[in-house]
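A structural walkthrough
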Amino acid sequence: MNLLSNESVLVKSNDDKIILTNLRIHMTSRKWGRTYRITIFLEDISTIEHANISNVFYLVLAAFSFMLGILSIGNPETKPSIYGGFILGGIFLSLWLSTRGHQVTFCSKGGHSLRFMADQMDDDQIEEFIHKVEQARLQRLKQL
């Protein structure tokens, strides 16, 4: 990221993918092998969201598979469905656990939102980062 003439870096976060300066917040990431960058000026941030997310569809499939395995226990002729139900349930449960995480979203007025997964950060670090963004935004609004 090239800094503007009157810009200074305040915080780098999430393995230096997110950079907070005194004028803007910048994210560089890779998705499907392509690099993309999103930059939002601090005065254009309208909302900040911190959410715990997961793919509930995997949890439903895990419960359904476990239930299929449990219902098949009474019939000794359906051993493959017993084992299959528990194995599939375990697979879907592990997929659900792998999709859980913290997502932070900075929405801009009328533009794209900057959304990233903060997996390497705990709750306190995330809240501290959001607080620093809010402080920088407040300072920027005072300058204008």
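For the structure, see preceding data.
Residues numbered from 1 in each chain as written. Predicted model: local features only at pLDDT ≥ 70, side-chain atom pairs only at ≥ 80, totals over all residues. Heavy atoms only, no water.

Looking now at the overall build of the chain. Along the chain, the regular secondary structure elements total 3 helices and 7 strands. Each helix and strand of the chain, placed in order from N terminus to C terminus, yields the pattern β-β-β-β-β-α-α-β-β-α. In summary, the chain has a C-alpha radius of gyration of 22 Å against a globular reference of 15 Å for 144 residues, an excess of more than 25%. Overall, the chain is about 75 × 30 × 25 Å in size when its C-alpha atoms are taken along their principal axes. For the chain, the proportion of its 144 residues judged to be buried stands at 33%. Partitioning the intrachain contacts of the chain with sequence separation of at least 6 by distance along the chain shows that 50% fall at a separation of at least 24. (Helix = DSSP H or I, 4+ residues; strand = E, 2+ residues; numbered from the N terminus. Rg over C-alpha atoms; globule rule 2.2 N^0.38 Å. Buried < 20%, exposed > 50% of the residue type's maximum accessible area, 1.4 Å probe, protein only. Contact = heavy atoms within 4.5 Å.)

Taking 1.5 Å per residue, 16 residues should reach 22 Å; helix α1 (residues 56-71) reaches 23 Å between its end C-alpha atoms and fits that length. Within α1, burial applies to Ala62, Ser65 and Gly69. Along the axis of α1, the buried residues cluster in a sector spanning 70°; they form a single face. Within α1, the exposed residues directed more than 90 degrees away from the buried face are Phe57, Val60, Phe64 and Leu71. Of the surrounding secondary structure, the elements contacted by the buried residues of α1 are α2 (79-99). (Expected span 1.5 Å × (residues − 1). Arc of directions from axis to C-beta.)

Going through the model one piece at a time under the given rule, you end up with 5 aromatic pairs. Relative to Phe86, the ring of Phe66 lies with its centre 6.0 Å away and its plane at 50°, an arrangement referred to as tilted. In this pair, Phe66 is assigned in helix α1 and Phe86 in helix α2, connecting sequence segments 20 residues apart. Taking the centre distance of 6.2 Å and the plane angle of 75° together, the rings of Phe106 and Phe129 count as edge-to-face. Taken together, the residues span a long stretch of sequence, with Phe106 in strand β6 (residues 101-108) and Phe129 in helix α3 (residues 123-143) at a distance of 23 residues. A network of ring pairs unites the aromatic residues Phe106, Phe116 and Phe129 as a single cluster. (Phe/Tyr/Trp six-rings, centres within 6.5 Å; stacked < 30°, edge-to-face > 60°.)

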